[in-house]
Amino acid sequence: MIERDDVEQDDPGRDSAQWDAGAELAFLDAVRRERLVITRARFAGGDPTVVGPARKVAAKLLAADREAAMVKVGDAHVNPSEDRADLALQIAIPAISRWQFDRARLSLAEVTTFARSPVRLQRASAARAVLGVARAVVRVAPGGSPRGVDRSADSLIRRLDRLSDGERDHHRDEVARLVAHWVGSASDDATWRAWALLRGRLALPELGGEAAMSWAIRVWDRRPEPEAAVDPALAALIDDARATFAPLAGINP
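Calculation notes
- Residues numbered from 1 in each chain as written.
- Predicted model: local features only at pLDDT ≥ 70, side-chain atom pairs only at ≥ 80, totals over all residues.
- Heavy atoms only, no water.
- Helix = DSSP H or I, 4+ residues; strand = E, 2+ residues; numbered from the N terminus.
- Contact = heavy atoms within 4.5 Å.
- Axes fitted to C-alpha atoms, helices over the stretch in contact; angles between N-to-C directions.
- Parallel < 35°, antiparallel > 145°, perpendicular 65-115°, else oblique.
- Left-handed = near helix turned anticlockwise from the far one by under 90°.
- Expected span 1.5 Å × (residues − 1).
- pLDDT = per-residue confidence, 0-100.

## Quick word on the environment of Leu178
Tracing the chain through its elements places Leu178 in helix 7 (residues 165–184). Ignoring any residue separated from it by four or fewer positions in sequence, one finds Leu178 in contact with Trp99, Val130, Val133, Ala134 and Val137.

Spelled out as structure tokens, the structure:
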């Protein structure tokens, strides 16, 4: 049973007003040093055991860490899970640039769960906006409609008042860059082929080799003419792929 003294009744939930950046950094630095002590002991072949506080206090601290609840340390409030939120954000951002949408989405969900830092939460919001645009420009054929995803993302990023002007401009530029390449690929064959190859690569783990082959054939059929020298082995692979699909489409390869 949770007693009244265990949880501050006037705690404002997810409100970050009590979050103290300086105290948070000092606390997480202390955690880092203690983890280093444990790591060194393990490296030396030991099986370190930490002597903790009384059972009830230890249980409170572990519960706070697992539930991302604030902990009062002296006069300051700190979030014991903030370093996990930071790690999740560091995983999410490069995942977007590598088109790893599911990994980025899950990592950003972790940031939302664990973070209390207003800046970090807004950075996660900006990254989620860019992720939405990246998914749209990959999944929607060039020339189609992204359903205003780009405008919504730009509008959201403009409102992230905890981020610097330069950081907001960076995310807005990234949104504009993705959309510009996507729009250009509708009329430029070389850019369209790059988009189609990416679409095929992303389809491979989700839909299998047949889906990737279908995109490869489309890229091949849209190659420029007159064609430069082509590796005969590559041409043979495309012919084999086309022959695989021909019976399904009821045509002669």
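## A closer look at the packing of helix 3 (residues 82–97) against helix 5 (residues 118–139)
Their axes nearest at 10 Å, the elements helix 3 and helix 5 cross at an angle of 20 degrees. One element, helix 3, and the other, helix 5, form an angle in the roughly parallel class. Crossing geometry of helix 3 relative to helix 5 is assigned as left-handed. Note on element contacts: helix 5 touches helix 3 through Arg120, Arg123, Ala124, Ala127, Val130 and Leu131, opposite Glu82, Ala85, Asp86, Leu89, Ile93 and Ile96.

## Quick look at helix 2 (residues 55–67)
The end-to-end C-alpha separation of helix 2 is 18 Å, in line with the 18 Å expected for 13 residues at 1.5 Å each. Downstream of helix 2 by one or two residues, Ala68 has phi in the positive range, about 55 degrees.

## Notes on the confidence of the model for the chain
With 81% of its residues at a pLDDT of at least 70, the chain reaches an overall mean of 82. When the elements of the chain are averaged for pLDDT, helix 10 (residues 232–249) gives the smallest value, 65, and helix 4 (residues 101–114) the largest, 95. Every residue in residues 1–17 scores below 50 in pLDDT, and together they form 22 contacts with partners more than four places removed in sequence or on other chains.

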